[in-house]
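Spelled out, the chains give:
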Amino acid sequence: MNGNAVQTKREREKAMVSQMIALYCSKNHKTKKRLCSECAELDCYARQQSDRCPFMETKTFCSNCRVHCYKPEMREKIRAVMRFSGPRMLFYHPMAAIRHLVETKREKRNRRKYET
């Protein structure tokens, strides 16, 4: 995978996480156009971790990664966001949700293939 493809993938992942955090914040913290301070901090942290990820070329999403680089507190917060926003993304961002599902299934299938 060349540098442009990795960067595109990284940006798409960051956009997906930001969309999920925004959905979570608007529904749970009743915010409108801006994130609350806690969700803004989580979004910034998630984007920084994505920028630093050395495995971007070979992985699809953080949930499929064998190395979890999030601090425990932030990992719990992002898991809560994913549990809430994941099923709802199909209604709010259908194309991104479908792409995410397809890529996740493909990654899990490939990982199983290499483990056996």
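Look up a bit, the structure's there.
Here's what I pulled together on the structure shown here. (Residues numbered from 1 in each chain as written. Predicted model: local features only at pLDDT ≥ 70, side-chain atom pairs only at ≥ 80, totals over all residues. Heavy atoms only, no water.)

Moving on: the overall build of the protein. Of the regular secondary structure elements, the protein holds 4 helices and 0 strands. Listed by position from the N terminus, the elements making up the protein come as α-α-α-α. Computed over C-alpha atoms, the radius of gyration of the protein comes to 14 Å, within 12% of the 13 Å expected from 2.2 N^0.38 for 116 residues, which places it in the range of a compact globule. With respect to the three principal axes, the spread of C-alpha positions in the protein is 45 × 30 × 30 Å. Relative to its full complement of 116 residues, the protein shows a buried share of 34%. Accessible area for the protein stands at about 7,900 Å²; split by element, carbon and sulfur atoms hold 54% of it. Looking at the protein, you have 27 positive and 12 negative side-chain charges, and the mean spots of the two groups are 6 Å apart. (Helix = DSSP H or I, 4+ residues; strand = E, 2+ residues; numbered from the N terminus. Rg over C-alpha atoms; globule rule 2.2 N^0.38 Å. Buried < 20%, exposed > 50% of the residue type's maximum accessible area, 1.4 Å probe, protein only. Areas by Shrake-Rupley, 256 points an atom, 1.4 Å probe, with all protein chains shown as cover. Lys, Arg positive; Asp, Glu negative; His and termini not counted. Charge placed at Lys NZ, Arg CZ, Asp CG, Glu CD.)

Moving on to the packing of helix 2 (residues 37-52) against helix 3 (residues 72-92). Orientation of helix 2 relative to helix 3, taken along the N-to-C sense of each, is 105 degrees, at an axis distance of 11 Å. Relative to helix 3, the element helix 2 lies roughly perpendicular. Two secondary-structure elements touch here, helix 2 through Glu38, Glu41, Leu42 and Tyr45 and helix 3 through Met74, Lys77, Ile78 and Val81. Grouping the constituent residues of the contact of helix 2 with helix 3 by class yields 5 nonpolar, no polar and 3 charged. (Axes fitted to C-alpha atoms, helices over the stretch in contact; angles between N-to-C directions. Parallel < 35°, antiparallel > 145°, perpendicular 65-115°, else oblique. Contact = heavy atoms within 4.5 Å. Nonpolar A, V, L, I, M, F, W, Y, C, P; charged D, E, K, R; others polar.)

A separate point is the packing of aromatic side chains. Scanning all chains against the criterion turns up 2 aromatic pairs. Each ring, one from Tyr24 and one from Phe84, has its centre 5.7 Å from the other, and the planes form 85 degrees; the classification is edge-to-face. Of this pair, Tyr24 sits in helix 1 (residues 3-28) while Phe84 sits in helix 3; the two residues are 60 residues apart in sequence, bridging distant segments of the chain. As far as burial versus exposure is concerned, Tyr24 and Phe84 are alike and both buried. Arranged with centres 5.3 Å apart and planes meeting at 90 degrees, the rings of Tyr45 and Tyr70 form a pair that is edge-to-face. With Tyr45 in helix 2 and Tyr70 in the loop between helix 2 and helix 3, this pair connects stretches of sequence that are 25 residues apart. Residue Tyr45 is classed as buried on the basis of its relative accessible area, which comes to 10%. Directly above the aromatic system of Phe84 lies the positively charged group of Arg88, at a separation of 3.8 Å from the ring centroid. (Phe/Tyr/Trp six-rings, centres within 6.5 Å; stacked < 30°, edge-to-face > 60°. Lys NZ or Arg CZ within 6 Å of the ring centre and 35° of its normal.)

Mapped onto the elements of the fold, Asp43 is located in helix 2. When residues no more than four places from it in sequence are discounted, the contact partners of Asp43 are Ser18, Ile21 and Leu35.

Let us look at helix 3. An ideal rise of 1.5 Å per residue puts 30 Å on 21 residues; helix 3 measures up with 28 Å between its terminal C-alpha atoms. At Gly86, helix 3 shows its largest kink, close to 45 degrees, and the proline Pro87 lies no more than four residues downstream. Of the positions making up helix 3, those classed as buried are Met74, Ile78, Val81, Phe84, Ser85 and Met89. (Expected span 1.5 Å × (residues − 1). Bend = angle between axes of the 7 residues up to and from the residue.)

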